[in-house]
Structure formats: C-alpha cells, structure tokens
Protein chains: 2
Amino acid sequence: MLRIALDMDDVLADTHGRLVEIILRDFDTSLTEKDLNGASLRSLLHPKQYKKVVSVLNEPGFFRDIPVMKDAVEVVKELSGYYEIFVASAAMEFRNSLIDKYDWLDEHFPFIHWKNRVLCGDKSIVKADYLIDDHVFNLVNFSGKGILFNAPHNLEDTRFDRVMSWKEVGERFLGNSRERV
Amino acid sequence: MLRIALDMDDVLADTHGRLVEIILRDFDTSLTEKDLNGASLRSLLHPKQYKKVVSVLNEPGFFRDIPVMKDAVEVVKELSGYYEIFVASAAMEFRNSLIDKYDWLDEHFPFIHWKNRVLCGDKSIVKADYLIDDHVFNLVNFSGKGILFNAPHNLEDTRFDRVMSWKEVGERFLGNSRERV
C-alpha cells in the first residue's frame with residue numbers, strides 16, 4: 001500500500017484563513033481580505049506586524065481552534081481505504097502547538113490512529129511515497145514525490161505538481177476507484 | 001552525511017530506572033530492584049500493577065523528570081560532528097508526554113535543533129540510515145539499519161546488533177575518529 005503523508009497547516013487546517021481573520025480584527029492595517037489571500041503574509045505585512053503574527057502562532061490554544069479545510073475530512077477518509085495515511089506536521093518550531101495539534105487531530109481526524117501522526121521539524125525525516133504540503137521548502141527536503149497544496153505563499157512556484165483543493169486531491173489519488181467506494 | 005535516529009525512552013532517558021524507583025516507592029510489591037531490572041515490567045508485574053505503571057506514564061510531568069542515560073549527552077555531542085542526528089520518540093501514545101519530552105530535550109540536549117526532533121507513533125515513518133532503539137518492534141518497522149539498545153525488556157532478542165551502553169555506541173560509530181575529536 002502506498003503511503004501519503006499530509007501536512008496540517010494550510011493543508012488539513014485553514015491556518016492562513018484563521019490568521020487573516022485575526023489580522024483583520026486585531027491589526028492596524030488597510031489590507032483587505034482579498035489582499036491578504038493574494039500573497040504571503042510575510043511579504044504583505046510590515047516586519048513588525050509579521051512578528052506579531054509569529055507571536056500569535058506561539059500562543060497556547062491558537063492551533064486548537066482552526067477550521068478544517070473544505071472537504072479534507074471526507075477525502076482523507078476515502079483515501080484511507082486505498083493508501084496508508086500519515087499526518088506529518090512541522091510543529092517543533094512552536095512548543096505550545098504540540099498539544100493543540102494533538103487535540104485538533106483527535107477532534108477532526110479521530111480515524112487517523114496515533115501511530116500515524118508525526119510532529120517533526122524538517123520533513124526530510126518523513127519516509128513516505130507522497131507528501132502533500134503547502135511549503136516548497138518541505139517538498140524540496142522530502143525524498144518521495146511532493147505535491148504542492150495551493151496557498152497564498154506558494155502561488156509563484158512551478159517546481160511541483162499543484163493541487164488547488166481537497167476535491168482535486170481526491171480526483172488525483174482516487175480517480176475512477178472513487179465510484180467503487 | 002549518514003543520519004542516525006535516536007529513541008528517547010530507555011536510550012537517551014533512563015525511563016525504566018525512573019519507573020523502578022516509583023514502583024519500589026509506591027507499589028505494594030516484594031520485587032527487588034534487581035528483579036525489576038531483570039525482565040520487562042509487563043512480565044514481572046501483576047496485570048493490575050502494570051496498568052498502574054501505564055497510568056504513571058500518562059501523568060503530566062512524568063517524562064519531564066527522567067534522568068539522562070549515562071554518557072548519552074557526551075556521546076551524542078561527539079556523534080553530531082560526524083553524523084546527522086535526529087531524535088525520534090514514539091510519544092503519540094501519551095498525549096501529556098509531548099510537552100514534557102520537548103522541554104526535556106531543551107534541558108538536556110539543547111544542541112539538537114528543533115528541526116531534528118520527531119515525536120511520532122510508528123517508526124516506519126522515520127527516514128534515517130540507523131535507528132538506535134530499545135524496542136524490537138520499532139526496529140522491525142524501521143527501514144534502515146536497526147541497533148538494539150540493551151534494556152530489561154529486550155534481553156532475549158538476537159535479531160539486531162546490540163549495544164550495552166552509550167560508551168559502546170561511541171566506540172561503534174566513532175571508532176578511531178574519536179581520537180581526532
């Protein structure tokens with residue numbers, strides 16, 4: 001059975017969307033939602049404001065309260081019938097994210113066994129056939145086939161196959177077999 | 001550079017030793033320290049008492065307060081000059097262990113970067129050339145070369161090369177190069 005590793009932030013979880021919500025609510029900015037979804041936050045925000053974003057990521061609870069990406073639960077559930085599914089999140093940068101990510105997975109993806117969950121730093125340590133991730137630097141380090149999940153901070157990249165949504169992930173990995181499910 | 005993945009419990013950390021201490025102090029048992037170091041706790045203890053051990057593992061703080069294995073810090077520091085070192089701990093079974101293990105590494109192995117730390121479940125996800133681990137089931141699942149770190153629960157196994165101590169790990173992986181350090 002082929003193994004697919006799935007990133008969490010901006011792949012399973014709409015982390016960017018949650019940050020945009022917080023920026024529009026709490027930051028002193030003239031940027032609109034459309035602006036904030038059009039490029040990386042690092043490139044759009046003043047360095048001081050970007051630093052504030054990083055401090056939000058460090059807050060206990062932040063990663064506990066993120067919406068699930070559209071169609072992710074249904075498609076991952078379907079994929080589980082045909083592939084070995086692992087979640088592999090680069091969580092080690094943010095100490096407080098560990099428990100939040102654990103609990104978030106328990107709530108939204110309880111069917112992914114604890115044996116199939118990985119909190120890591122560098123994704124070169126992940127042994128899988130595929131990695132679906134929004135960060136090009138993760139895919140570059142990965143030894144299997146990398147699939148780029150579309151996100152505001154990777155719009156320009158052409159080095160990896162791109163998927164626009166979970167619906168497209170389903171089509172790519174399940175194809176016709178879908179009708180059998 | 002070859003990559004070595006290191007397990008935490010009973011490899012970097014003397015988890016068994018800490019459990020023996022707790023059992024001798026808090027459990028109603030006639031077993032001695034020597035008995036408890038002579039076989040797996042699961043085989044030695046009454047099932048009810050073993051269940052109590054598992055509940056100790058689940059307590060917040062347990063994994064924060066474990067002694068470092070003799071010579072581990074010095075040898076891992078030396079190894080870091082010649083190998084890419086990752087820590088890979090099967091922590092996902094115990095939710096409360098995540099932060100404790102993170103903080104424990106920060107205290108005792110601050111020179112191992114967060115990018116090189118992995119909290120996982122099944123070790124088949126770990127991509128490395130070597131894995132030093134006390135659990136045969138982890139080594140069986142691992143795709144590289146497995147090295148068994150001697151522990152009371154693996155004394156009978158002959159399937160993997162065995163190391164008795166960190167001193168022996170140093171000799172095996174550094175050999176003569178050690179004199180150059």
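Report follows, based on the coordinates.

Basis of the calculations
- Along every chain, residues carry numbers that run from 1 in the direction the sequence is written.
- The lettering of chains begins at A and the numbering of ligands begins at 1, in the order of writing.
- Side-chain atom pairs in this predicted model are given and counted only at pLDDT of 80 or more, local residue features only at pLDDT of at least 70, and totals for whole chains, interfaces and linings cover all residues.
- No hydrogens and no water enter the side-chain calculation; it runs on all heavy atoms of the structure.
- Elements are defined by DSSP. Helices are runs of H or I of four residues or more, strands are runs of E of two residues or more, and each kind is numbered from the N terminus.
- Throughout, a residue-residue contact means that at least one pair of heavy atoms, one from each residue, lies within 4.5 Å.
- The buried label goes to any residue with under 20% of its type's maximum accessible area, the exposed label to any with over 50%, and the partly exposed label to all in between, with areas taken from a 1.4 Å probe on protein chains only.
- The directions from the helix axis to the C-beta atoms form the arc being described.
- In this comparison the copies share one frame, found by least squares on the C-alpha atoms of residues holding pLDDT of at least 70 in both.
- Space inside and on the surface of the protein is sampled on a 1 Å grid over the protein atoms alone, with a cavity defined as a set of points where a 1.4 Å probe fits but cannot get out and a pocket as an open set with protein on both sides within 12 Å along at least 5 of 7 lines; lining residues have an atom within 4 Å of a point.
- Grid points are joined across faces, edges and corners, and a volume is the space filled by probe spheres set on the points.
- Throughout this entry, Asp, Glu, Lys and Arg are counted as charged residues, while Ala, Val, Leu, Ile, Met, Phe, Trp, Tyr, Cys and Pro are counted as nonpolar. The remaining residues, Gly among them, count as polar.
- Here the axes come from fitting lines to C-alpha atoms, over the contacting stretch only for helices, and the angles between their N-to-C directions go from 0 to 180 degrees.
- Should an angle fall under 35 degrees it is taken as roughly parallel, and over 145 as roughly antiparallel, whereas 65 to 115 is taken as roughly perpendicular and any remaining angle as oblique.
- Left-handed describes a crossing whose near helix is turned anticlockwise from the far helix through less than a right angle; right-handed describes the clockwise counterpart.
- To estimate the expected span of a helix, subtract one from its residue number and multiply by 1.5 Å.

So, on to the side chain of Q49 of chain A. Note on placement: Q49 of chain A falls in helix α4 (residues 47–57). Setting aside its immediate chain neighbours within four residues, Q49 of chain A contacts F27, D28 and T29 of chain A.

Residue and element names in this part refer to chain B. Among the residues of helix α8 (residues 166–174), those classed as buried are W166, V169, G170, F173 and L174. Around the axis of α8, the buried residues are gathered within 100 degrees of arc, so they sit on the same side. On the buried face of α8, the contacting elements are β1 (3–6), α5 (72–79), β4 (130–133), β5 (145–149) and β6 (161–163). After α8 finishes, the residue G175 shows a positive phi value of roughly 45 degrees.

We now examine the relation of the copies chain A and chain B. Take chain A, turn it by 180 degrees, move it 0.0 Å along the axis, and it overlays chain B with an RMSD of 0.0 Å. Here the transformation between the copies is reduced to the relation of a two-fold axis. When you check the interface residues of chain A against chain B, 100% turn up at the interface there too, and the contact is symmetric in its surfaces.

This part is about empty space enclosed by the protein. Residue and element names in this part refer to chain A. In the structure shown here, the tally under the stated rule is 1 cavity of 30 Å³ or more. The space that makes up the largest cavity amounts to roughly 30 Å³. Lining the largest cavity, in full, are M8, D9, A13, F63, I66, K101 and W104. Partitioned by chemical class, the residues of the lining of the largest cavity number 5 nonpolar, no polar and 2 charged.

The angle between the axes and the distance between the axes are what describe a pair of packed helices. Where helix α6 (residues 97–108) of chain A contacts helix α6 (residues 97–108) of chain B, the two axes come as close as 8 Å, and the packing angle between them is 155 degrees. With respect to α6 of chain B, the element α6 of chain A is oriented roughly antiparallel. Crossing of α6 of chain A against α6 of chain B: the hand is right-handed. Between α6 of chain A and α6 of chain B, the contacting residues are L98, I99 and Y102 of chain A on the first element and L98, I99 and Y102 of chain B on the second. The residue makeup of the contact of α6 of chain A with α6 of chain B, split by class, is 6 nonpolar, no polar and no charged.

This paragraph deals with helix α1 (residues 15–26) of chain A. All names here are of chain A. Taking 1.5 Å per residue as the helical rise, α1 with its 12 residues ought to reach 16 Å, and the 16 Å between its terminal C-alpha atoms agrees with that figure. Buried within α1 are the following residues: T15, H16, R18, L19, V20, I22 and I23. Where α1 is buried, its residues contact α2 (33–36), α3 (41–44) and α4.

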